[in-house]
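The residues making up each chain are set out below.
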2 protein chains.
Amino acid sequence: MIDQLIEKIVEMQNPTCVGLDTSFDYLPEDMRAGVSDFEGAANAIAAFNRAIVDAVCDLVPAVKVQIAYYEGYGEAGLRAFRETLLYAKSKGLFVIADAKRNDIGSTASCYAKAFLGTSSVGGASLEAFPSDMVTVNGYLGSDGVLPFVEECERRDKGIFVLVKTSNPSGDEIQNVVLTNGRTLYEHMGALVEKWGESTVGKYGYSAVGAVVGATKPEEARRLRAELKHTFFLIPGYGAQGANAAMLRCCFDENGIGGIVNNSRGILCAYKKRGGHFAEAARAAVIEMQRDLAQTIGEMRCAK
Amino acid sequence: MIDQLIEKIVEMQNPTCVGLDTSFDYLPEDMRAGVSDFEGAANAIAAFNRAIVDAVCDLVPAVKVQIAYYEGYGEAGLRAFRETLLYAKSKGLFVIADAKRNDIGSTASCYAKAFLGTSSVGGASLEAFPSDMVTVNGYLGSDGVLPFVEECERRDKGIFVLVKTSNPSGDEIQNVVLTNGRTLYEHMGALVEKWGESTVGKYGYSAVGAVVGATKPEEARRLRAELKHTFFLIPGYGAQGANAAMLRCCFDENGIGGIVNNSRGILCAYKKRGGHFAEAARAAVIEMQRDLAQTIGEMRCAK
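Structural notes, computed from the coordinates. On a predicted model such as this, the values are computed, not experimentally measured, just so you know. (Residues numbered from 1 in each chain as written. Chains lettered and ligands numbered in written order. Predicted model: local features only at pLDDT ≥ 70, side-chain atom pairs only at ≥ 80, totals over all residues.)

The next subject is the overall build of chain A. Summing up its helical and strand segments, chain A has 14 helices and 10 strands in all. Against the 2.2 N^0.38 benchmark of 19 Å for 303 residues, chain A shows a C-alpha radius of gyration of 19 Å, consistent with a compact globule. Based on the C-alpha atoms only, the size of chain A along its principal axes is roughly 60 × 55 × 35 Å. Counting the 303 residues in chain A, one finds 61% classified as buried. (Helix = DSSP H or I, 4+ residues; strand = E, 2+ residues; numbered from the N terminus. Rg over C-alpha atoms; globule rule 2.2 N^0.38 Å. Buried ≥ 20, exposed ≤ 12 C-beta atoms within 10 Å, placed from the backbone.)

Spelled out as structure tokens, the structure:
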């Protein structure tokens, strides 16, 4: 999975991930008009997402769907979440479920099956929320993460473990210094390298990636140097304040090693640019691609 | 909310929480027969949960519903999750959604609304997965937790932040030692005390509680001494290996300060004891209540 994602990034010369963190409030007024229940909101969100996917699927390799925005609309929201995953996949996109799931082993296994695997019912094996990759919170340690890694191995999937998040107060926990002189985020990063050992692909990156915020260039530089086999999912570009120069250090000498997410900057581009939301999203993606390519340079499939 | 929970624990002389981590596999064969899709599985799980709730609602103050087990069955599973929350609430139980949600501020706010608050659609404010309390992972620091605390203040709700989890490898992260000599779990615990400051109720406990595993008595003892205003949600009793003696240290001199979860030991009691699953669950709850009361002693509403 990670090899195919890298190949697609190189083919498109674009390490952009479109974040479908689709709040109902982001929708243009005509799509919100007359809607007064979860069913209606979920249908409108799914329609909005389809139009965004159609507008960007020839330009970007992946979408990241933030499940929190769908849970807010109950089981109807989760239906829209599932429809969005399936629609993006049908258009050839890699699909990352941003769920930051975490629990003890037996329960982590349920989450892993829900997003990356199948659940058994009677004799049938069925997919709940089929995704190529899912984000995971590693606070519970190995036995909370390895059930996800097992699904990665079994079904050629991937995960991204939170290492250094893009928000201001992530530092309160992640930047504490341990007695061995390393920070907690470096400690978590080292575990991520270990968890990924068995799944390193042909370009040197494993199926166990890390979330590393673009808003934290110093930490990102350090992590890129330490985690040779860890592919980065990089949030924070755009609305959260990071620019392309800040995230250059997330990429290796071949211009690979990460994918950069942008959600509001693309979904809500029409509010700044005017015009139809899907066309504005496409224009924002083209601009972001140029911005990233200028800083990162040519991307090559090499080890 | 926390005051009412404490009052109910004292009234019932029972700090037991029944964990509805209802895997389809836990159901008796006759409830699983002929089911081959998510709709059928979800309906069977909801029916099983209703029978458990009916069997224990006069004995225990609360249920904890583990959402991972429902996500595995797609949006139908989430419907069963919602129905279970509502049914338990209608029977007078406190309802804890065990979701371990976490994200950056704006997204954490969506999760907080989904479980503790309301989502706005048009002019309407609607509840997605209405719960009294939800579990939260604090790895993202204050701005990932405070949106939940705001809902606690606004709507008299509660949260439990993961501090020291019950699984074996939680130690890999949670027990690292910082340069100030404290462990990460103590550091997280101190943040929990701070996050709860504004919500301390009449018995001295705040709306921001902590998850502290019964399987870790040494850490639990230390946390009970340090976190004077933090109410504990205590997993690990029963199937995970902890006994009542191990968790005595989680309670204060009035016998309050925590609630002990048991999931498989109650849901699957019929497999050991025989008989109807609901009757076996009731018998297991009565046995657990005796076991806890013997160790903890009388519980009193006092500060």
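Before going further, it helps to examine the sheet that holds strand E8 (residues 208–212) of chain B. Through backbone hydrogen bonds, the strands of a sheet pair up, either in parallel or in antiparallel fashion. Residue and element names in this part refer to chain B. The parallel closed barrel is built from 8 strands, whose spatial order is E1-E2-E3-E6-E7-E8-E9-E10. Averaged over all pairs of adjacent strands, the angle between their axes in this sheet comes to 30°, without regard to strand direction. In terms of strand pairing, strand E1 (residues 16–19) meets strand E2 (residues 62–66) through 3 bridges, oriented parallel. Across the sheet, the residue bridging to Val18 is Val63, located in E2. (Pairing = 2+ DSSP bridges. Axes fitted to C-alpha atoms, helices over the stretch in contact; angles between N-to-C directions.)

In this section: the relation of the copies chain B and chain A. When chain B is fitted to chain A, the best match, at an RMSD of 0.0 Å, comes from turning it 180° and sliding it 0.0 Å along the axis. Given the turn and translation reported, the copies of this chain are related as if by a two-fold rotation axis. Judged by C-alpha distance, Leu178 of chain B is the residue of chain B that lies nearest the rotation axis, at 2.1 Å. The fraction of interface residues of chain B whose copies in chain A are also interface residues reaches 100%, indicating that both copies meet through the same surface. (Least-squares fit on C-alpha atoms with pLDDT ≥ 70 in both. Contact = placed C-beta atoms within 7 Å.)

The next point concerns the sheet that holds strand E10 (residues 258–262) of chain A. All names here are of chain A. Strand order in the closed barrel formed by 8 strands is E1-E2-E3-E6-E7-E8-E9-E10, and the pairing between neighbours is parallel. In this sheet, neighbouring strand axes are inclined to one another by 30° on average, regardless of whether the strands run parallel or antiparallel. Note that strand E9 (residues 232–234) and E10 share 3 bridges and pair parallel. Bridging across to E10, Phe232 finds its partner in Gly258.

What follows deals with the pairing of strand E7 (residues 158–164) of chain B. All names here are of chain B. Along E7, 7 of the 7 residues are buried, which leaves the element largely enclosed by surrounding structure. Inspection of the sheet shows strand E6 (residues 133–136) paired to E7 by 4 bridges, in the parallel sense. Paired with Thr135 across the two strands is Phe160, which belongs to E7. Once you follow E6 into helix H7 (residues 142–155) and on to E7, the crossover reads as right-handed. With 5 bridges connecting them, E7 and E8 associate as parallel partners. Along E8, the bridge assignment pairs Ile159 with Val208. (Right-handed = clockwise from strand over helix to strand, strands pointing away.)

Of note in this structure, Gln13 of chain A is not a glycine but carries a positive phi near 50°. Mapped onto the secondary structure, Gln13 of chain A falls in the loop between helix H1 (2–12) and strand E1 (16–19).

It is worth spelling out the nonpolar core at this point. As a rule of thumb, soluble globular proteins bury nonpolar side chains together. Val161 and Ala281 of chain A together with Val161 and Ala281 of chain B are the most contacted members of the largest nonpolar core, which has 224 residues in total. Not counting residues up to four positions away in its chain, the partners in contact with Ala281 of chain B are Ile52, Ala55, Val56, Ile266, Leu267 and Ala269 of chain B. (Core = buried A, V, L, I, M, F, W, Y, C linked by C-beta atoms within 7 Å.)

This paragraph deals with the environment of Glu11 of chain B. Residue placement: Glu11 of chain B occurs in helix H1 (residues 2–12). Taking C-alpha positions, Glu11 of chain B is 9.1 Å from Pro61 of chain B, a pair spaced 50 residues apart along the chain.

Its 17 residues place the ends of helix H5 (residues 74–90) of chain A 25 Å apart at the C-alpha level, agreeing with the 24 Å of an ideal helix rising 1.5 Å per residue. Along H5 of chain A, 12 of the 17 residues are buried, which leaves the element largely enclosed by surrounding structure. If you follow the buried residues of H5 of chain A, they end up packed against helix H3 (38–56), strand E2 (62–66), helix H4 (68–71) and strand E3 (94–101) of chain A together with helix H5 (74–90) of chain B. (Expected span 1.5 Å × (residues − 1).)

Our next topic: the packing of helix H3 (residues 38–56) of chain B against helix H14 (residues 277–296) of chain B. Residue and element names in this part refer to chain B. Relative orientation of the contacting elements H3 and H14 amounts to 45°, with a least axis distance of 9 Å. Regarding the angle of H3 to H14, the classification is oblique. The two elements H3 and H14 cross, and the hand of that crossing is right-handed. Only Ala278, Glu279, Ala281, Arg282 and Val285 of H14 make contact with H3, whose side of the interface consists of Ala51, Ile52, Asp54, Ala55 and Val56. Among the residues making up the contact of H3 with H14, the classes are represented as 7 nonpolar, no polar and 3 charged. (Parallel < 35°, antiparallel > 145°, perpendicular 65-115°, else oblique. Left-handed = near helix turned anticlockwise from the far one by under 90°. Nonpolar A, V, L, I, M, F, W, Y, C, P; charged D, E, K, R; others polar.)

A few words on the environment of Gly201 of chain A. Residue and element names in this part refer to chain A. Mapped onto the secondary structure, Gly201 falls in the loop between helix H9 (184–196) and strand E8 (208–212). You can call Gly201 buried: it has 20 C-beta atoms within 10 Å. Expressed as a C-alpha distance, the spacing of Gly201 and Thr118, which sit 83 residues apart in the sequence, is 24 Å. The contact partners of Gly201, leaving out residues within four places of it in the chain, are Ile2 and Asp3.

Any functional reading would require information beyond the geometric quantities listed.
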